[in-house]
Amino acid sequence: MANRYSSIVVKIGSNLLTREDGMLNVARMAHFVDQIAALQKKGVRVILVSSGAVAAGRAEVEPQKKHDTVSKRQLWSAVGQVKLINRYADLFREHGLTCAQVLTTKENFSDRQHYLNMRNCINTLLESGVVPVINENDAISVTELMFTDNDELSGLIASMMDVEALFLLTNVDGVYRGNPGEPDSELIRHIAVGETVSEELISTQKSNFGRGGMLTKSSIASKLAGQGVAVHIANGVHLNILTDLMEPNSDIPHTWFEPEKRKSNTVKKWLAHSDDFARGEVFVNDGARDALLSHRATSLLTIGITGVQGQFKTGDIVRVKDAGGKLLGLGKAGFSSKIVEREMGAKYDKPFIHYDYLYLG
């Protein structure tokens, strides 16, 4: 039977890779690798985003003196990442496959050139039959620009690499209305295109070892689905979960975010995940807001801009907000904040944000 997708990102959370005593769950790692190897040999391009480095390091070494939380995280990540990737390398080697470690930080996604360099690196690995194993570089990612967790990182990778689907593996069956541990909680099996699930209905409980929760997963999944990437949130404890999800008629209990049929272009995908990197904001009048939100391909002109906040230069990412301060989208500035302040409300010889460099959503 043909596989459901030809290219996927698989994200495995810390709780799936860590035993209760804090040691790596090697048996479960091996089972995931078995499945990925089977898919790879059938021609599926698989990118693995794997947590577990901090947990692996915590089980390996104890700080020799009292350190703050950041220093402990750096220590455990630096030690644990070696242990984690070596274990993956051994497991993939048993299948005749090579894996490669790719460590990244959120800042790598802020600059378009860095973004393209990373995409080229991962593409080169895939074209060479190598399985990329990606993780945040926690040893140096200690600023306010850390990823929320590897759910966010996997969403960025799935968007960047233009894959067909993202599998977010966790230790529950999917998105529930309420706490998954309560008997009357309902598993939401299908979220249609454009449908949103109220945050009040989703459990805010987080895992023991990870930083994220179901709210983060659901938010990332909704954004990706809007860009044309299918998202499956499923329980990684189930045996053969990856191969089961790849079957076209799979009925395994999980949550599927149905994707838009029309995919966003690569620039708009980059912009969709760039809110943290915005250098400033512009405010638009009602006419400009209505034009931007219409079905027509519309660029943002200076005549529709009513205010500027922050300082930015040509090529920087800026937020676009309406008169009430509601975020409409993100775009790449066609010229500096100084020129916008001088020309806003009047006609100018070129658009401030061209439609091709404008993400609305």
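Structure first, text after, so check above.
Calculation criteria
Residues numbered from 1 in each chain as written. Predicted model: local features only at pLDDT ≥ 70, side-chain atom pairs only at ≥ 80, totals over all residues. Heavy atoms only, no water. Helix = DSSP H or I, 4+ residues; strand = E, 2+ residues; numbered from the N terminus. Buried < 20%, exposed > 50% of the residue type's maximum accessible area, 1.4 Å probe, protein only. Polar contact = N/O pair within 3.5 Å; in protein donor to acceptor, adjacent residues only side chain to side chain. Core = buried A, V, L, I, M, F, W, Y, C linked by side-chain atoms within 4.5 Å. Contact = heavy atoms within 4.5 Å. Pairing = 2+ DSSP bridges. Axes fitted to C-alpha atoms, helices over the stretch in contact; angles between N-to-C directions. Expected span 1.5 Å × (residues − 1). Arc of directions from axis to C-beta. Salt bridge = Lys/Arg side-chain N within 4 Å of Asp/Glu carboxyl O.

Visitor: Explain the side chain of lysine 106 here, please?
Guide: Structurally, lysine 106 is set in the loop between strand E3 (99–104) and helix H5 (112–127). The buried category is assigned to lysine 106, whose relative accessible area is 4%. Side-chain polar atoms of lysine 106 contact the side chain of aspartate 276, separated by 2.3 Å.

Visitor: Help me out: how do you make sense of the nonpolar core in this one?
Guide: Generally speaking, nonpolar side chains in soluble globular proteins are found buried as a group. Ile47, Phe109, Ile122 and Ile157 are the most contacted members of the largest nonpolar core, which totals 45 residues. Going through the elements one at a time, strand E2 (45–50), E3, H5, helix H6 (150–160), strand E5 (165–170), helix H7 (214–226), strand E9 (230–235) and helix H9 (266–272) are the ones with two or more residues in this core. Filtering out sequence-adjacent residues up to four positions away, phenylalanine 109 remains in contact with Thr104, Tyr115, Met118, Phe147, Leu153, Leu156, Ile157, Met160, Trp270 and Phe277. Residues Val46, Ala56, Ile85 and Leu169 belong to the second largest nonpolar core, which totals 39 residues.

Visitor: Looking at this model, I keep getting lost on the sheet that holds strand E15 (residues 358–360). Mind explaining?
Guide: Adjacent strands of a sheet pair through backbone hydrogen bonds, lying either parallel or antiparallel. Pairing is mixed across the open sheet formed by 5 strands, whose spatial order is E12-E11-E13-E14-E15. Two strands bound the open sheet, and with one partner strand each, they are strand E12 (305–309) and E15. Taken over all neighbouring pairs, the strand axes of this sheet differ in orientation by 25° on average, direction set aside.

Visitor: Whenever I open this one, H5 confuses me. Can you help?
Guide: For an α-helix, the turn length of 3.6 residues means that residues three or four places apart are oriented alike. Given a rise of 1.5 Å per residue, 16 residues ought to cover 22 Å, and the 22 Å separating the end C-alpha atoms of H5 matches this to within 8%. Within H5, the full set of buried residues consists of Arg112, Tyr115, Met118, Ile122, Leu125 and Leu126. On an axial view of H5, the arc spanned by its buried residues comes to 150°, and they lie on one face. Buried residues along H5 sit in contact with E2, E3, strand E4 (131–136), H6 and H9. Once H5 finishes, glycine 129 follows within two positions and takes phi at roughly 80°, a positive value.

Visitor: Help me out: how do you make sense of the side chain of asparagine 235 in this one?
Guide: Turning to its location among the elements, asparagine 235 is positioned in strand E9. For asparagine 235, a relative accessible area of 9% puts it in the buried group. A distance of 2.9 Å separates the side chain of asparagine 235 from the backbone nitrogen of valine 237, its partner in a polar contact. Once residues lying within four places of it in the same chain are set aside, the contact partners of asparagine 235 are Thr170, Asn171, Val172, Asp173 and Ile241.

Visitor: Before we go on, may I ask you to explain the pattern of salt bridges in this structure?
Guide: Side chains bearing opposite charge may pair, as long as their charged atoms lie close to each other. With the rule as written, the count across this model stands at 14 salt bridges. With its nearest N and O atoms 3.5 Å apart, the salt bridge here joins aspartate 286 to arginine 289. Separated by 3 residues within a single helix, aspartate 286 and arginine 289 lie in helix H10 (residues 286–292), roughly one turn from each other. What makes arginine 289 partly exposed here is its relative accessible area of 24%. The network of salt bridges with shared partners includes Asp275, Glu281, Arg319 and Lys321.

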